[in-house]
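The primary structure of each chain is shown beneath.
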Amino acid sequence: MKSRSAKLALTALAAALALAACNKEGEEKKSEAGTEQASTSKAIPGLKDEKAQASYVIGVSLGKQMAEIKDKVDIDLVARGFKDEMTEGRKVLVTDEQAQEIMASFMERVQAELMAEQMSKVRKN
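Residues numbered from 1 in each chain as written. Predicted model: local features only at pLDDT ≥ 70, side-chain atom pairs only at ≥ 80, totals over all residues. Heavy atoms only, no water.

Notes on the overall build of the chain
From N to C terminus, the chain includes five helices and zero strands. For the chain, buried positions account for 12% of its 125 residues. Considering only residue pairs separated by 6 or more positions, the chain has 64% of its internal contacts joining residues 24 or more positions apart. Total accessible area computed for the chain in this model is approximately 10300 Å², and 60% of it derives from carbon and sulfur atoms. (Helix = DSSP H or I, 4+ residues; strand = E, 2+ residues; numbered from the N terminus. Buried < 20%, exposed > 50% of the residue type's maximum accessible area, 1.4 Å probe, protein only. Contact = heavy atoms within 4.5 Å. Areas by Shrake-Rupley, 256 points an atom, 1.4 Å probe, with all protein chains shown as cover.)

A short note on helix H3 (residues 50–66)
Between its first and last C-alpha, H3 extends 24 Å over 17 residues, near the 24 Å set by a 1.5 Å rise per residue. For H3, the set of buried residues is Ala52, Gln53, Ser61, Leu62 and Gln65. (Expected span 1.5 Å × (residues − 1).)

Some words on a nonpolar patch on the surface
On the surface, Tyr56, Val57 and Val60 cluster together into a nonpolar patch covering about 280 Å² of accessible area. The exposure class assigned to Val57 is exposed, which follows from its relative accessible area of 53%. (Patch = residues over 30% accessible without salt bridge, like charges linked within 9 Å, V, L, I, M, F, W, Y side chains within 5 Å. Salt bridge = Lys/Arg side-chain N within 4 Å of Asp/Glu carboxyl O.)

Focus on the confidence of the model for the chain
Averaged over all residues, the pLDDT of the chain equals 79, while 67% of them reach at least 70. Model confidence for the chain, summarised as mean pLDDT per element, is weakest for helix H2 (residues 25–40) at 50 and strongest for helix H4 (residues 75–86) at 95. (pLDDT = per-residue confidence, 0-100.)

Written as structure tokens, this is what we have:
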């Protein structure tokens with residue numbers, strides 16, 4: 001089961017990172033400029049080494065991807081689930097099957113809500 005959980009976590013991370021690549025062109029240029037600045041100046045207060053910097057950037061990337069649904073999730077439980085999965089010896093509270101069912105239901109509901117919001121905007125215009 002740990003192997004499946006790891007695959008599920010990696011799939012979620014890969015999806016989040018793939019979604020990060022779908023940012024608007026202007027945001028990409030802004031991000032690229034920020035990346036160039038970050039890579040040229042390795043000393044970042046609070047981020048002592050490459051591991052710390054990469055860890056933080058992964059968190060920022062995941063946060064950006066979740067921005068659209070931030071009001072639909074409990075950020076503390078997102079962090080807890082992430083930490084439970086990533087920390088050896090910690091028990092994950094749901095099975096892989098439960099996780100798949102929960103995510104499928106959640107994504108279906110969120111997509112329906114987003115579609116309804118977009119349809120509302122279209123009707124107003």
